[in-house]
Number of protein chains: 2
Amino acid sequence: MGKLFVVGLGPGGVEQMTKRAYDALKSCDVIAGYNVYVNLIKEDFKEKEFLSNGMRKEVDRCKLALDEALKGKTVAMISSGDAGVYGMAGIMCQVAKDHPEIEIEVVPGITAACSGAAVLGAPLISDFCLISLSDLLTPWEKIEKRLDCASKGDFCICLYNPSSHKRHDYLQKACDIMLKNQPGTIPAGIVRNIGRDGQDFELTTLAELRDKQVDMFSTVIIGNTQTEVINGRMVTPRGYKLA
Amino acid sequence: MGKLFVVGLGPGGVEQMTKRAYDALKSCDVIAGYNVYVNLIKEDFKEKEFLSNGMRKEVDRCKLALDEALKGKTVAMISSGDAGVYGMAGIMCQVAKDHPEIEIEVVPGITAACSGAAVLGAPLISDFCLISLSDLLTPWEKIEKRLDCASKGDFCICLYNPSSHKRHDYLQKACDIMLKNQPGTIPAGIVRNIGRDGQDFELTTLAELRDKQVDMFSTVIIGNTQTEVINGRMVTPRGYKLA
């Protein structure tokens with residue numbers, strides 16, 4: 001009987017995976033994924049068969065992986081970050097719906113909220129929300145509503161997909177919504193190329209974030225009303241008494 | 001010059017850590033942590049010096065770790081899950097505030113939202129919120145406000161610390177707030193002992209969750225209005241066209 005793993009790689013190379021994820025990839029016959037992510041790990045799994053395709057071909061990719069599992073193979077579908085956070089775990093379960101006999105095991109990885117927060121300091125120590133600004137799969141009105149609710153709740157907020165060529169003003173629009181509910185002085189951080197060559201970060205404020213240019217390889221974190229900058233790092237205190 | 005790592009262990013034993021976290025622990029002189037977590041990893045790092053103490057002694061623990069770093073040692077403060085999500089990264093930065101010369105490197109781990117979601121299927125594929133129901137460090141009114149805002153925004157919600165001896169009715173109170181904004185039929189899941197012996201999960205609905213007994217070793221995930229149950233797993237679709 002075939003089996004499907006859906007494996008989160010974490011932010012970058014093999015050293016950012018868990019041992020459990022590494023072992024899952026070592027145990028399988030076929031590794032399937034978006035070709036950019038396949039290339040990140042190919043060197044370490046040379047003995048495997050690979051199935052890769054391009055961006056936006058997620059459904060096809062899952063169908064190809066399912067076909068291999070139905071032939072009796074163990075297949076690992078890879079996702080960058082965590083397979084369960086804007087990753088391939090959901091669509092894999094949907095595509096395999098009519099095949100309950102195929103076991104699906106999701107192996108988590110470090111999502112960009114967590115790897116990005118670690119670079120910035122400790123901005124997501126308390127309650128926070130993850131919101132993707134991509135409206136390819138979610139209507140923009142729903143994204144606006146969530147930005148409004150999250151900032152009304154004084155949540156720290158991590159923005160995924162904060163920009164792209166077609167959506168160059170989405171971060172500005174998002175900031176304008178958050179600024180209705182939160183002071184512009186709240187610390188914010190931009191992390192670029194997390195866990196990869198060229199990783200860097202920038203601290204700013206919610207008001208200034210509005211006019212920043214960010215690219216699609218960036219993750220943005222906005223603090224809450226408690227968030228401070230300590231020694232150049234962004235830290236959200238959790239209420240411990242220090243004295 | 002001393003250095004401080006704050007390292008997330010992930011949900012359980014050494015195989016759930018990243019290689020980067022493992023290497024950080026191998027590179028240090030001293031490992032500091034809550035004694036339960038120290039015991040989880042002690043066997044694999046026998047050659048290290050350990051500094052451990054009890055629950056609620058987080059500030060003292062950070063001060064002890066800082067003292068060692070000030071002596072020139074490399075110290076790793078460990079957290080279960082992710083050090084940056086309800087973990088030790090924030091308080092460590094706060095305690096070391098007057099010592100900017102001590103480098104603090106946060107090494108992320110798999111937080112319970114991600115490891116719990118993987119057990120349940122793929123409930124957190126789209127925008128979601130993490131909310132802790134512990135009012136030890138956050139006023140209960142703020143927690144209520146966040147539950148209200150998160151459910152108004154149709155976020156998937158992951159609840160940390162859903163219960164304890166003193167807070168046996170907090171999950172019920174939380175469900176009552178969410179039920180004002182969301183239908184009771186929304187799928188919900190409870191995961192116990194994630195990544196450890198005795199791991200199990202239960203699927204339910206928001207309405208039924210209200211009357212469940214959960215313990216402090218549980219993580220609770222509530223879906224959004226799109227969440228489905230597919231082959232016994234909880235899945236939040238992300239809007240891909242399947243046909």
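Because the structure is a prediction, the values reported are computed rather than measured. (Residues numbered from 1 in each chain as written. Chains lettered and ligands numbered in written order. Predicted model: local features only at pLDDT ≥ 70, side-chain atom pairs only at ≥ 80, totals over all residues. Heavy atoms only, no water.)

> Got a minute to help me understand the pattern of salt bridges in this structure?
By the definition in use, this model includes 38 salt bridges over all chains. The shortest N-O distance in the salt bridge between Lys3 of chain B and Glu103 of chain B comes to 3.4 Å. Of this pair, Lys3 of chain B sits in strand S1 (residues 3-8) while Glu103 of chain B is found in strand S5 (residues 103-107), placing the two residues 100 residues apart along the sequence. Each member of the salt-bridge network shares a partner with another, and the members are Lys3, Arg20, Glu103 and Glu105 of chain A. (Salt bridge = Lys/Arg side-chain N within 4 Å of Asp/Glu carboxyl O. Helix = DSSP H or I, 4+ residues; strand = E, 2+ residues; numbered from the N terminus.)

> Looking at this structure, how should I read empty space enclosed by the protein?
Gaps between atoms show up when a probe of the same size as a water molecule is rolled over them. In total, this model carries four cavities of 30 Å³ or more according to the counting rule given. Space inside the largest cavity adds up to approximately 40 Å³. Around the largest cavity, the lining residues are Tyr86, Ser132, Ser134, Thr138 and Ile143 of chain A together with Ser126, Asp127 and Arg238 of chain B. Of the residues assigned to the lining of the largest cavity, the class counts are two nonpolar, four polar and two charged. Space inside the second largest cavity adds up to approximately 40 Å³. Surrounding the second largest cavity, Pro11, Gln16 and Ile110 of chain A together with Thr18, Arg20, Val107 and Pro108 of chain B form its lining. In terms of residue class, the lining of the second largest cavity is made up of four nonpolar, two polar and one charged. (1 Å grid on protein atoms, 1.4 Å probe; cavity = no way out; pocket = protein on both sides within 12 Å on 5 of 7 lines; lining within 4 Å. Points joined across faces, edges and corners; volume = space filled by probe spheres on them. Nonpolar A, V, L, I, M, F, W, Y, C, P; charged D, E, K, R; others polar.)

> I keep staring at the interface of chain A and chain B and nothing clicks. Help me out?
The figure often quoted for interface size is the accessible area lost as the parts come together. Each side of the interface is counted separately: chain A has 69 residues, and chain B has 69 residues. Buried surface at the junction of chain A and chain B, both sides included, amounts to about 6100 Å², of which 59% is carbon and sulfur. Where chain A touches chain B, the interface holds 32 residue pairs in polar contact (both at pLDDT 80 or more). A breakdown of the residues in the side of chain A that touches chain B according to their chemical character gives 33 nonpolar, 19 polar and 17 charged. Both strand S7 (residues 128-132) of chain A and strand S7 (residues 128-132) of chain B contribute to a ladder of three bridges, which runs antiparallel. By the bridge assignment, Leu130 of chain A is partnered in S7 of chain B with Phe128 of chain B. (Contact = heavy atoms within 4.5 Å. Buried area = accessible area lost by both parts, 1.4 Å probe. Polar contact = N/O pair within 3.5 Å; in protein donor to acceptor, adjacent residues only side chain to side chain. Pairing = 2+ DSSP bridges.)

> Which parts of the structure should I look at to understand the relation of the copies chain A and chain B?
Note on the chain copies: they are related by a rotation about an axis and a translation along it. Expressed as a screw transformation, the operator carrying chain A onto chain B has a rotation angle of 180 degrees and an axial translation of 0.0 Å, and the superposed copies differ by an RMSD of 0.0 Å. What the superposition gives is, in effect, a two-fold axis relating one chain to the other. Mapped onto chain B, 100% of the interface residues of chain A are again interface residues, and the two copies thus contact each other with one and the same surface. (Least-squares fit on C-alpha atoms with pLDDT ≥ 70 in both.)

> Help me out: how do you make sense of the sheet that holds strand S12 (residues 228-230) of chain A in this one?
Picture the strands of a sheet paired through backbone hydrogen bonds; they go either parallel or antiparallel. All names here are of chain A. With mixed pairing, the three strands of this open sheet are ordered in space as S6-S13-S12. Each having just a single partner strand, strand S6 (121-122) and S12 make up the two edges of the open sheet. Pairing analysis gives three bridges linking S12 to strand S13 (residues 233-235), with the strands arranged antiparallel. Its bridge partner being in S13, Ile230 is matched across the sheet by Arg233.

> What am I meant to see in the sheet that holds strand S3 (residues 49-53) of chain A here?
All names here are of chain A. Pairing is parallel in the open sheet, where five strands are placed in the order S3-S2-S4-S1-S5. Either end of the sheet is taken by a strand with one partner, and the two such strands are S3 and strand S5 (103-107). Geometrically, the sheet is characterised by an average inter-axis angle of 20 degrees between neighbouring strands, direction not taken into account. Alignment of strand S1 (residues 3-8) against S5, held across five bridges, turns out to be parallel. Note on S5: the bridge partner recorded for Leu4 is Ile104. (Axes fitted to C-alpha atoms, helices over the stretch in contact; angles between N-to-C directions.)

> Even after reading the chapter, I still don't get unusual backbone geometry, so can you show me in this structure?
Peptide bonds are trans in most cases, and residues, glycine excluded, mostly fall at negative phi. One non-glycine residue, Asn193 of chain A, adopts positive backbone phi at about 50 degrees. Looking at the element boundaries, Asn193 of chain A is found in the loop between strand S9 (187-192) and strand S10 (200-205). Its relative accessible area of 27% is what places Asn193 of chain A among the partly exposed residues. Positive phi is not limited to glycine here, since Asn161 of chain B has a value of about 45 degrees. Within the secondary structure, Asn161 of chain B sits in the loop between strand S8 (156-160) and helix H7 (170-181). A relative accessible area of 30% places Asn161 of chain B in the partly exposed class. (Buried < 20%, exposed > 50% of the residue type's maximum accessible area, 1.4 Å probe, protein only.)

> Looking at this structure, I do not really get the packing of helix H6 (residues 140-152) of chain A against helix H7 (residues 170-181) of chain A. What am I missing?
Angle between the axes and distance between the axes: these two values describe a pair of packed helices. All names here are of chain A. Contact pair H6 / H7: the axes reach a minimum separation of 8 Å and the direction vectors enclose 35 degrees. At the point where H6 passes H7, the crossing takes the right-handed sense. Taking contact as the criterion, the partners of Trp140, Glu144, Leu147, Asp148, Ser151 and Lys152 in H6 are, on H7, Tyr170, Lys173, Ala174, Ile177, Met178 and Asn181. For the contact of H6 with H7, a count of residues per class yields six nonpolar, two polar and four charged. (Left-handed = near helix turned anticlockwise from the far one by under 90°.)

> Looking at this structure, how should I read helix H5 (residues 112-120) of chain A?
Each α-helix turn comprises 3.6 residues. Residues three or four places apart therefore point the same way. Burial within H5 of chain A is extensive, with nine of its nine residues counted as buried. Just beyond H5 of chain A, the residue with positive phi is Gly121 of chain A, at close to 135 degrees.

> In this structure, what is going on with the domain arrangement of chain A? I would like to understand it.
Residue and element names in this part refer to chain A. Each assigned domain of chain A is listed with its residue range as follows: domain 1 (3-107) and domain 2 (112-235). A separation of 28 Å is found between the C-alpha centroids of domain 1 and domain 2. The three residues of domain 1 that bury the most area against domain 2 are Pro11, Arg56 and Tyr86, which together make up 62% of that side's buried surface. The tally of links between domain 1 and domain 2 comes to four residue pairs in polar contact (both at pLDDT 80 or more). Classifying every residue of the side of domain 1 that touches domain 2 gives five nonpolar, three polar and one charged. (Domains from an automatic or database assignment.)

> Explain the state of the cysteines here, please?
Any covalent bond linking the sulfur atoms of two cysteines counts as a disulfide. For the coordinates displayed, the defined rule picks out zero disulfides over all chains. Summary of cysteine pairing: Cys114 of chain A is not part of a disulfide, and the nearest cysteine sulfur, belonging to Cys114 of chain B, is at 5.5 Å. (Disulfide = S-S within 2.5 Å.)

> Which parts of the structure should I look at to understand the environment of Gly84 of chain B?
Mapped onto the elements, Gly84 of chain B comes out in the loop between strand S4 (74-79) and helix H4 (89-95). When residues no more than four places from it in sequence are discounted, the contact partners of Gly84 of chain B are Leu124 and Ile125 of chain A together with Ala89 of chain B.

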